[in-house]
Every structure is written in C-alpha cells, then in structure tokens.
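Results of the structural survey
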Amino acid sequence: MINRRTFSKAVGLGTGAAAVSLAGLQNGASAATAAHQAAGASATAVPTITPGTHTGFRRLKQVKAGVLDIGYAEAGPAHGPVVVLLHGWPYDIHSFVDVTPLLADLGYRVIVPYLRGHGSTSFLSRSTPRTAEQSAVALDIIALMDALKIDKAVLAGFDWGSRTADIIAALRPERVKALVSTSGYLITNRKAQLAPAAPAVEHNWWYQWYFATPRGKQAMEDEVERLALCRYVWELVSPNWDFDDATYNRTAEAFKNPDYAAVVLFNYRWRIGLVEGEPRYDRYEKLLAAQPPIHVPTVTLDAALDPFTAPGGGSAYRDHFTGPYAHRTVENIGHNLPQEDPTAFAQAVVDADHL
C-alpha cells in the first residue's frame with residue numbers, strides 16, 4: 001500500500017530475459033463533475049452508479065506477455081480508446097468492477113489485469129524468481145500492451161497500480177495518453193525509505209514491519225491467516241466502506257495464487273532494504289531513484305479517509321507532474337477509492353483523457 005513517508009513504494013519484478021524492456025528510457029461524483037469542468041477538461045459527465053451494482057466481469061481472458069501468462073478482464077468496443085486499470089494491495093480486479101462498465105458504456109476499451117502473483121496471472125517458468133522490484137510490474141504492463149497490440153492507453157490505478165502507472169508515464173511517456181494516479185506520485189526512492197518516519201506514520205505501516213518477521217512470513221504463507229490479515233487491512237484503511245462477506249470473498253480468491261505470498265513478501269521487504277533485487281533491473285531502479293518527472297496529462301486523486309493520505313491537497317507531490325494537471329480530494333472515501341466511489345474514479349479517467 002501507499003508509503004506517505006516519501007510517496008513511494010515498490011511492486012513485483014521477475015527475472016529472465018523479458019520479452020519487453022524499458023528501452024528508450026527518458027532521464028463524491030457531483031463534486032467531481034463540477035471540478036473537472038472548472039479545470040477545463042471534458043464536459044462529459046459519467047453517470048452516477050451505486051457502488052456494488054456489479055459483482056463480476058463478463059469476459060476474462062489470458063495472454064502470454066513477458067515473463068507472465070496474464071489474466072485480465074476486458075469490456076467495451078474492441079477499437080475504442082484504451083484504458084488500463086491497475087489494482088493495488090490487498091485487492092484485485094474487482095476494485096474496478098463498477099468503473100469498468102461505466103467507461104465501456106462511454107466507448108472505451110477497458111483492460112483490467114491481475115498483477116503478478118494475483119488471480120489467474122502466473123509465471124511462465126518455474127525458474128523465474130518471484131521477486132518484486134517496482135520496475136517489474138511496469139515491464140509486465142508494457143508487455144501486456146505489446147501482446148494486445150496497444151500502442152498507447154490511459155493508465156489509471158491506486159496503490160501498487162498508481163506506482164506502476166507512474167513508472168510507465170515517467171519512463172515510457174509515448175505509451176501513455178493520460179494518467180490517473182490515486183495518492184499522487186508513488187515512485188519509490190529506496191534510499192529515502194531507510195530513514196525513520198514520524199511515529200504515527202510508522203504505526204500505519206504495522207504490516208510492513210510484520211512482513212519483515214518470521215511470524216509475518218508464516219502468516220502470509222498460511223492461506224487462512226493470509227485471508228484474515230488482508231480483510232483486516234480492508235477494515236482499517238476504508239473505515240466508511242460497509243462491504244459484505246461476498247464482496248471480500250470475490251477478491252480474496254485472487255490471494256490464493258501460489259505465488260501471492262512470495263510476491264507480496266518480497267515487495268515489502270525489498271522496499272525497506274531487507275532483500276536485494278535482480279541485478280538485471282538495477283539500471284531501471286537507478287533511474288527511478290532519481291524521481292523522474294511525469295509530463296503526461298494527469299489527474300491525481302486523494303481519498304479523504306485513507307489513513308495514508310497526507311495533508312496538503314496533493315501539495316507534497318505536485319511538483320512531480322509537469323504536464324496538464326488536475327487534483328481532487330474525494331470526501332468520505334477510504335483507500336480502495338475506485339470500488340468505494342466508482343463514479344468519481346471513472347470521471348477522473350474521462351477528464352484526464354481530455355486534459
């Protein structure tokens with residue numbers, strides 16, 4: 001989940017000669033509608049939808065891409081402008097179960113992939129280490145776009161998904177038409193991660209330290225303990241979201257992936273310097289450690305009830321975004337913003353596309 005200490009974090013990365021590279025690297029709904037009009041964006045208003053209206057996806061597909069066989073949902077016209085929606089931890093594609101039909105009905109081709117270690121996404125080779133550097137998931141998504149012959153897309157996400165979208169926007173801007181980044185700029189600076197944060201911030205990160213211990217590792221590797229832990233995180237970070245057992249259980253199926261524990265544990269241990277990543281990715285991580293700016297049109301979102309949301313209305317990360325830009329704070333919403341307020345999230349996607 002999001003690290004407010006530096007507004008940065010890490011996510012998964014695999015090994016082997018990936019089929020894709022980062023070649024060419026460069027050194028409430030009504031309120032949302034009013035805000036996007038004031039910002040000079042598209043006047044297209046997304047219809048209001050009640051969260052939880054949809055419970056599943058019509059089409060689930062698989063495609064071999066890079067080091068993975070990626071599972072993904074798809075909706076909308078095959079030749080429509082593409083939106084790729086990227087989930088976080090501990091979540092899955094169901095975070096976008098209501099956002100997806102809203103965008104599809106507006107003519108977008110919507111792609112919602114399971115990130116590595118989640119759901120039906122699997123590694124193609126048993127010999128690929130289940131590592132989790134932040135550049136890996138960016139490579140995964142670029143490989144997915146290549147496999148689906150998608151040259152450019154609007155990228156939108158939260159948590160791990162925001163980080164992934166930020167990385168692609170920073171290093172491969174020609175692949176990104178526009179960006180929606182919940183919680184702003186999340187590219188990790190590992191060196192900055194080594195310094196202690198304020199006690200309240202460290203308290204919010206209890207599970208990060210838990211995962212660094214043998215007890216935490218044992219809990220993540222035990223399926224029953226893992227599912228209980230992830231549900232508890234949902235309750236803590238989305239205090240106003242009255243989700244039911246069925247909603248959680250649909251997503252929790254994605255946590256039964258045999259690589260889930262390894263990917264998650266590596267992710268959190270890597271970002272605080274307890275494990276080292278694969279040397280083949282060092283060049284990407286060096287570029288990302290420099291905190292590269294993002295020039296593509298961007299809408300950033302903050303969820304007001306997310307305990308990781310820093311005060312200041314996005315001011316802590318504003319300077320990282322140098323292109324057309326808008327920011328919104330979504331009131332009464334917690335960490336899982338797209339599932340808790342799908343209308344506001346979908347509106348941000350449409351508005352970013354028209355910045």
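The rules behind these values
- Residues numbered from 1 in each chain as written.
- Predicted model: local features only at pLDDT ≥ 70, side-chain atom pairs only at ≥ 80, totals over all residues.
- Heavy atoms only, no water.
- Phe/Tyr/Trp six-rings, centres within 6.5 Å; stacked < 30°, edge-to-face > 60°.
- Helix = DSSP H or I, 4+ residues; strand = E, 2+ residues; numbered from the N terminus.
- Buried < 20%, exposed > 50% of the residue type's maximum accessible area, 1.4 Å probe, protein only.
- Axes fitted to C-alpha atoms, helices over the stretch in contact; angles between N-to-C directions.
- Parallel < 35°, antiparallel > 145°, perpendicular 65-115°, else oblique.
- Contact = heavy atoms within 4.5 Å.
- Nonpolar A, V, L, I, M, F, W, Y, C, P; charged D, E, K, R; others polar.
- Pairing = 2+ DSSP bridges.
- Right-handed = clockwise from strand over helix to strand, strands pointing away.

What follows covers the packing of aromatic side chains. In this description, a pair of aromatic rings is defined by centroid distance and the angle of the planes. Overall, the coordinates contain 28 aromatic pairs when judged by the stated rule. Ring centres of Tyr207 and Tyr268 lie 5.6 Å apart, and the angle between their planes is 85°; this geometry places the pair in the edge-to-face category. Of the two residues, Tyr207 is situated in helix 7 (residues 206-211) and Tyr268 in helix 11 (residues 260-271); the sequence distance between them amounts to 61 residues. By relative accessible area, which is 1% here, Tyr207 ends up buried. Note on Tyr268: relative accessible area 0%, which makes it buried. Summarising the aromatic geometry, the rings of Trp234 and Phe243 are spaced 5.0 Å apart at their centres and angled 80° between planes, so their arrangement reads as edge-to-face. Accessibility classification places Trp234 together with Phe243 in one group, the buried group. Ring pairs connect the aromatic residues Trp89, Trp160, Trp205, Trp206, Tyr207, Tyr210, Phe211, Tyr232, Tyr268 and Phe308, which therefore count as one cluster.

Remark: helix 3 (residues 134-147) packs on helix 4 (residues 160-171), axes separated minimally by 9 Å, with the N-to-C direction vectors making an angle of 75°. Classed by the angle they form, the pair helix 3 and helix 4 counts as roughly perpendicular. Residues Gln134, Ser135, Val137, Ala138, Ile141 and Ile142 of helix 3 form the contact with helix 4, whose participating residues are Arg163, Thr164, Ile167 and Ile168. By residue class, the composition of the contact of helix 3 with helix 4 is six nonpolar, three polar and one charged.

On to the pairing of strand 7 (residues 176-182), then. Counting buried residues along strand 7, six of its seven residues qualify, which places the element largely inside the surrounding structure. Bridge count for strand 6 (residues 153-157) against strand 7 is five bridges, and the pairing is parallel. Bridging from a neighbouring strand, Ala153 pairs with Val176 of strand 7. The parallel pair strand 6 and strand 7 is bridged by helix 4, and the resulting crossover is right-handed. With four bridges connecting them, strand 7 and strand 8 (residues 298-303) associate as parallel partners. The residue of strand 8 that forms the bridge with Leu179 is Thr298.

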